[in-house]
Structures are given as C-alpha cells and as structure tokens.
Amino acid sequence: MNFVVLASGRGGNLQAIIEAVGTGKITADLKVVISDKKDAFALERARQANIPAVYINPKDFADRETFDRVVIEKLREFKIDFVVLAGYMRILSNFFVEQFPNKILNIHPSLLPAFKGAHAMKDAFEQSIAAKGNLSVTGATVHIVIPELDAGPIILQEQVKIDPKDTLESMEEKIHAIEHRIYPQAIDLFAQGKLRIKGQRVLQIKP
Ligand code: GAR
C-alpha cells in the first residue's frame with residue numbers, strides 16, 4: 001500500500017512515521033510528503049529521508065476544492081492508496097474526503113470528542129487550570145476523517161495525565177510522545193487491513 005503524509009508544521013509525527021517505515025513497524029510505502037506551507041520543517045524532514053517533498057501554495061487557487069483537486073492529482077500520480085494527515089492545518093473539502101472514503105487518517109491532540117479544533121492542547125490545558133486540576137486528563141486520538149471536522153470513527157486513543165506541575169509545554173511534550181507511538185501503530189493496522197469501519201466504530205480484526 002502506498003501512502004502520502006500531508007503536513008503543515010514541524011513534522012514530529014512525520015518523523016516518527018518515517019522511522020517506523022524504516023524499521024518495518026509500518027508495512028506500507030511513504031511515497032510523497034505534501035505541504036501547504038513552503039517553510040514547513042516537515043518538507044525538510046522528507047528531503048532528508050529521500051522522500052519526494054511537494055509544496056502546493058493555497059494562494060494559487062480560488063477556493064478549497066480547486067486546491068484539493070491539485071493535491072489529488074498529485075496523489076493519483078504517486079498511486080496513493082491512503083492518506084495520512086500529520087499536523088495538516090487545512091480543512092479538507094468534501095470533494096477530497098469523497099475521493100478517499102474511509103481512507104484518510106488524522107491525529108488530533110485531545111481525547112476526541114473533547115476539544116475539537118485547531119487549539120486542542122491549549123484549550124484542554126486552560127480548562128484544566130480553570131477547573132483547578134479537576135480536569136486532569138487529556139490525550140491523543142487517531143481517527144478516520146469524515147466531512148465533519150474531528151468527528152470520524154476512532155482507531156486509537158490514549159490518555160495523558162495533566163499534572164498540577166505541568167506547563168502547557170510539558171503537557172504538549174507528553175502528548176507528542178504518545179502521538180509518535182500510536183500514530184505509526186494505527187497506520188500499520190490500517191495498512192495491513194486489520195481494521196473494519198462500522199458506522200462510527202472501528203473494529204480491530206484479531207489474528
Ligand atoms: C500534532 O500535535 C497534531 O496532533 C496536531 O498538530 C501537531 C503537529 O505536530 N494536529 C492538530 O491539531 C489537527 N487538528 P507535528 O507537525 O510535529 O507532527
């Protein structure tokens with residue numbers, strides 16, 4: 001199976017994925033990395049790993065779908081079977097999601113459905129402070145992408161404790177460590193065909 005990583009930022013998850021492909025923990029081929037941000041460090045990480053790195057500038061296109069159509073052309077060129085979003089901070093058009101039904105994975109830095117949106121870690125941390133430590137867990141979620149934002153069937157999810165001593169940065173570090181572990185696992189389960197999606201649920205096929 002061939003896959004693409006779409007990323008907008010520093011590419012910590014991408015790096016974990018590249019390493020997992022290298023060690024055989026992900027049994028699929030990462031064919032190309034695409035970014036909507038010219039300076040995304042994710043592109044540099046791809047180049048360092050000899051993976052084609054493609055920047056597509058959203059400003060060159062009139063709307064979200066026209067941009068997505070160009071991304072999809074690239075995916076067809078690389079014969080991509082499934083799509084991995086790793087810190088990709090653009091909302092996909094319905095058109096994109098329909099082209100890859102149940103074949104787009106995303107990682108989100110909270111225990112979905114809690115704290116959807118672009119500021120999940122900050123929101124969870126601030127709520128924990130406001131609740132004087134009574135909201136003491138958050139986490140990370142890998143899910144299938146559907147047109148509704150941060151709402152698709154959940155593949156893997158893991159908790160992180162928010163310690164009273166935590167700063168936003170130390171909590172983020174703990175979440176990233178979990179992400180870098182569960183995302184490669186989820187991608188491999190998907191690539192090996194070990195997941196069945198039934199409505200909002202993901203079932204894992206046991207050997
Ligand atoms: C990750 O924490 C990921 O969960 C989050 O962006 C970060 C990207 O980091 N994604 C979202 O918030 C999506 N809504 P990375 O570029 O180092 O992988």
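Located above this text is the structure these notes cover.
Summarised in this report is the structure supplied together with it. Here the structure is a predicted model, which is why all the values come from computation and not from measurement. Within each chain, residue numbers correspond to sequence positions counted from 1 in written order. Reporting of local features is limited, given that this is a predicted model, to residues whose pLDDT is at least 70; pairs of side-chain atoms are given and counted only at 80 or more, and all residues count toward the totals for whole chains, interfaces and linings. Side-chain metrics in this entry use all non-hydrogen atoms of the structure; hydrogen atoms and water are not considered.

### Some remarks on the nonpolar core
Phase 1: Counting residues in each nonpolar core, the largest one holds 42 residues, and the members touching the most others are Phe 3, Val 5, Ile 17, Leu 30, Ile 155, Tyr 183 and Ile 187.
Phase 2: Strands here mean DSSP runs of E at least two residues long; helices mean DSSP runs of H or I at least four residues long; both are numbered from the N terminus. At 11 residues, helix α6 (residues 168–191) tops the list of elements feeding residues into this core.
Phase 3: Contact definition: two residues touch when any of their heavy atoms are within 4.5 Å. The residues contacting Ile 17, other than those within four sequence positions of it, are Phe 3, Val 5, Ile 26, Leu 30, Val 84, Tyr 183 and Ile 187.
Phase 4: Put simply, buried Ala, Val, Leu, Ile, Met, Phe, Trp, Tyr and Cys residues joined by side-chain atoms within 4.5 Å make one nonpolar core. Here the term buried applies to any residue with accessible area under 20% of the maximum for its type, exposed to any over 50%, and partly exposed to those in between, with areas from a 1.4 Å probe on protein chains only. Counting 21 residues, the second-largest nonpolar core is a separate cluster that includes Val 32, Ile 56, Phe 96 and Val 145.

### Comments concerning the packing of helix α1 (residues 12–22) against helix α2 (residues 41–48)
Phase 1: Only C-alpha atoms enter the line fits that serve as axes; for helices the fit covers just the stretch in contact. Angles between N-to-C directions range over 0 to 180 degrees. Taken N-terminus to C-terminus, the directions of α1 and α2 make an angle of 20°; their axes are 9 Å apart at the nearest point. Taken together, the axis directions place α1 and α2 in an arrangement best described as roughly parallel. Viewed along their axes, α1 and α2 form a crossing whose handedness is right-handed. Counted together, Gly 12, Leu 14, Gln 15 and Ile 18 of α1 and Ala 42, Arg 45 and Ala 46 of α2 form the full contact between these two elements.
Phase 2: Following the grouping adopted for this structure description, the nonpolar residues are Ala, Val, Leu, Ile, Met, Phe, Trp, Tyr, Cys and Pro, the charged ones are Asp, Glu, Lys and Arg, and the polar ones are all others, Gly among them. Residues belonging to the contact of α1 with α2 are distributed by class as follows: four nonpolar, two polar and one charged. Roughly parallel covers angles under 35 degrees, roughly antiparallel covers those over 145, roughly perpendicular covers 65 to 115, and oblique covers all other angles. Crossings are assigned a handedness: left-handed for a near helix turned anticlockwise from the far helix by less than a right angle, right-handed for a clockwise turn.

### Let's talk about unusual backbone geometry
Phase 1: For the peptide bond that leads from Leu 112 to Pro 113, omega is 10°, which places it in the cis range.
Phase 2: Along the polypeptide, Pro 113 turns up in the loop between β5 (104–108) and α5 (120–130).
Phase 3: For Asn 102, which is not a glycine, the phi torsion comes out positive at approximately 55°.
Phase 4: Take Asn 102: it is sitting in the loop between α4 (94–99) and β5.
Phase 5: Classification of Asn 102 as partly exposed rests on a relative accessible area of 35%.
Phase 6: One non-glycine residue, Asp 150, adopts positive backbone phi at about 50°.
Phase 7: Relative to the elements of secondary structure, Asp 150 occurs in the loop between β6 (137–144) and β7 (154–161).

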